Amino acid sequence: MSAEPIEQWESRSSAELRGLVDRMGPQLADATAYQILEWAAAEFGEGLAVASSMADAVLPHLAARALPGVDVVFLDTGYHFEETLRTRDEVARRLPVRVLTIEPVHSVAQQDAELGPDLFGRDPGACCRRRKIEPLAAALRGYEAWATGLRRTDSAARASTATVAWDERHRMVKINPIAAWTDEQVADYVAQHDVLVNPLVEQGYTSIGCGPCTLRPLLAGDARSGRWAGFAKTECGLHS
Ligand code: SF4
């Protein structure tokens, strides 16, 4: 993680934030992605973090327009493709955002020494917990809200994703500004604003995660079918 400390501010209680979701969720249900982020910028300011997998820079780009300097959290599991790390570096270079690279407590080598090599191949749930879920929870501490690039068309499990929701696990507001966007809307935004896209997308990966778990060609109709081949798992657990 960046050595630079996250600035502290007076954070509201869970009850206050949950009440905010109850009031604003319905009002923002049909708002545009930018309107939602404008609201989030005004409401949370530096208490807003944006999560990005660096499959593309659509969400960081939108968020930077609404809140220049916004924190963009990238989970570096130690297993990412080179293209993904280069996309992260380009996002940091081109956009007015602060990219925070979050690493797990243990390196891949340390994890291998402790639990044996290739934990992802034997127990991907445990691997995701150590390398994604726990680091994200630590990274989000101190913020009041986080924004994600979840979309309803990603998978059946995400079909009812709300634009503004209460995140019980992290006890904060979860904002999904592009939840309603189609693939075409994403492509239009990329073209209109010349937004960075991970080069792997051109090679057919519409859901880009860690190298070992993004192996198969994608099946038509399910953008996340290329993940965790051979396991029933379709989500890393960050959004459950
Ligand atoms: Fe481990 Fe695969 Fe999860 Fe990455 S996606 S943390 S390699 S199980």
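Residues numbered from 1 in each chain as written. Predicted model: local features only at pLDDT ≥ 70, side-chain atom pairs only at ≥ 80, totals over all residues. Heavy atoms only, no water.

### Side note on the pairing of strand β6 (residues 172–175)
- Note that strand β4 (residues 145–147) and β6 share three bridges and pair parallel. Considered in β6, the bridge of W146 is made with K174.
- In sequence, strand β5 (residues 164–167) turns back onto β6 through a hairpin of four residues, with R171 there showing a positive phi of about 50°. (Pairing = 2+ DSSP bridges. Helix = DSSP H or I, 4+ residues; strand = E, 2+ residues; numbered from the N terminus.)

### Section: the pairing of strand β2 (residues 70–75)
- Here β2 lies mainly inside the structure; six of its six residues are buried.
- Inspection of the sheet shows strand β1 (residues 48–51) paired to β2 by three bridges, in the parallel sense. The partner of A51 across the bridge, within β2, is V73.
- In this view, the connection linking β1 to its parallel neighbour β2 by way of helix α3 (residues 58–66) has right-handed handedness. (Buried < 20%, exposed > 50% of the residue type's maximum accessible area, 1.4 Å probe, protein only. Right-handed = clockwise from strand over helix to strand, strands pointing away.)

### Examining the sheet that holds β4
- Here we have six strands laid out as an open sheet, ordered β3-β2-β1-β4-β6-β5, and mixed in their pairing. The open sheet has two free edges, formed respectively by β3 (97–102) and β5, since each of these has just one partner strand. Strand after strand, the sheet turns through a mean of 30° between neighbouring axes, direction not considered.
- Running over the sheet, helix α1 (residues 14–27) touches β5 and β6 and is turned about 155° from β5.
- Its contacts with the sheet place helix α2 (residues 33–44) against β1, β4, β5 and β6, and it is angled at close to 160° to β6. (Axes fitted to C-alpha atoms, helices over the stretch in contact; angles between N-to-C directions. Contact = heavy atoms within 4.5 Å.)

### Concerning the site of the ligand
- The local shell around the ligand holds 10 residues, among which Y79, C127, C128, C210 and C213 are the closest.
- With five residues, the single largest contributor to the shell around the ligand is helix α7 (residues 124–140).
- When its residues are assigned to classes, the shell around the ligand shows eight nonpolar, no polar and two charged. (Near = heavy atom within 4 Å. Nonpolar A, V, L, I, M, F, W, Y, C, P; charged D, E, K, R; others polar.)

### Side note on the packing of α1 against α2
- Taken N-terminus to C-terminus, the directions of α1 and α2 make an angle of 150°; their axes are 14 Å apart at the nearest point. Regarding the angle of α1 to α2, the classification is roughly antiparallel. Considering the relative orientation of α1 and α2, their crossing is right-handed. Facing L17, L20 and M24 of α1, the residues of α2 in contact are W39, E43 and F44.
- Classifying every residue of the contact of α1 with α2 by side-chain character gives five nonpolar, no polar and one charged. (Parallel < 35°, antiparallel > 145°, perpendicular 65-115°, else oblique. Left-handed = near helix turned anticlockwise from the far one by under 90°.)

### Re the nonpolar core
- In terms of nonpolar packing, the biggest core is built from 45 residues, with W39, F44, L48 and I175 touching the most fellow members.
- The element best represented in this core is α2, accounting for seven residues.
- The contact partners of L48, leaving out residues within four places of it in the chain, are A40, L67, V70, D71, Y143, A145, W146, A147 and I175.
- In terms of nonpolar packing, the next biggest core, distinct from the first, is built from 16 residues, L136, A139, Y143 and C236 among them. (Core = buried A, V, L, I, M, F, W, Y, C linked by side-chain atoms within 4.5 Å.)

### Notes on α3
- The buried count for α3 comes to eight of nine residues, which makes it a mostly enclosed element.
- When α3 is considered as a whole, its buried residues turn out to be V58, L59, P60, H61, L62, A63, A64 and A66.

### Examining the packing of helix α5 (residues 108–115) against α7
- For the pair α5 and α7, interaxial distance at closest approach is 12 Å and the crossing angle is 145°. Both α5 and α7 take part in a crossing whose hand is right-handed. In contact with V108, Q111, E114 and L115 of α5, α7 contributes C127, R130 and R131.
- For the contact of α5 with α7, the residue count by class is three nonpolar, one polar and three charged.

### Things to note about unusual backbone geometry
- A positive phi angle, near 60°, is found at D118, a position not held by glycine.
- When you line up the elements, D118 lands in the loop between α5 and α6 (119–122).
- Overall, D118 belongs to the partly exposed group, its relative accessible area being 42%.
- For R171, which is not glycine, the phi dihedral falls at a positive 50°.
- Assignment of secondary structure puts R171 in the loop between β5 and β6.

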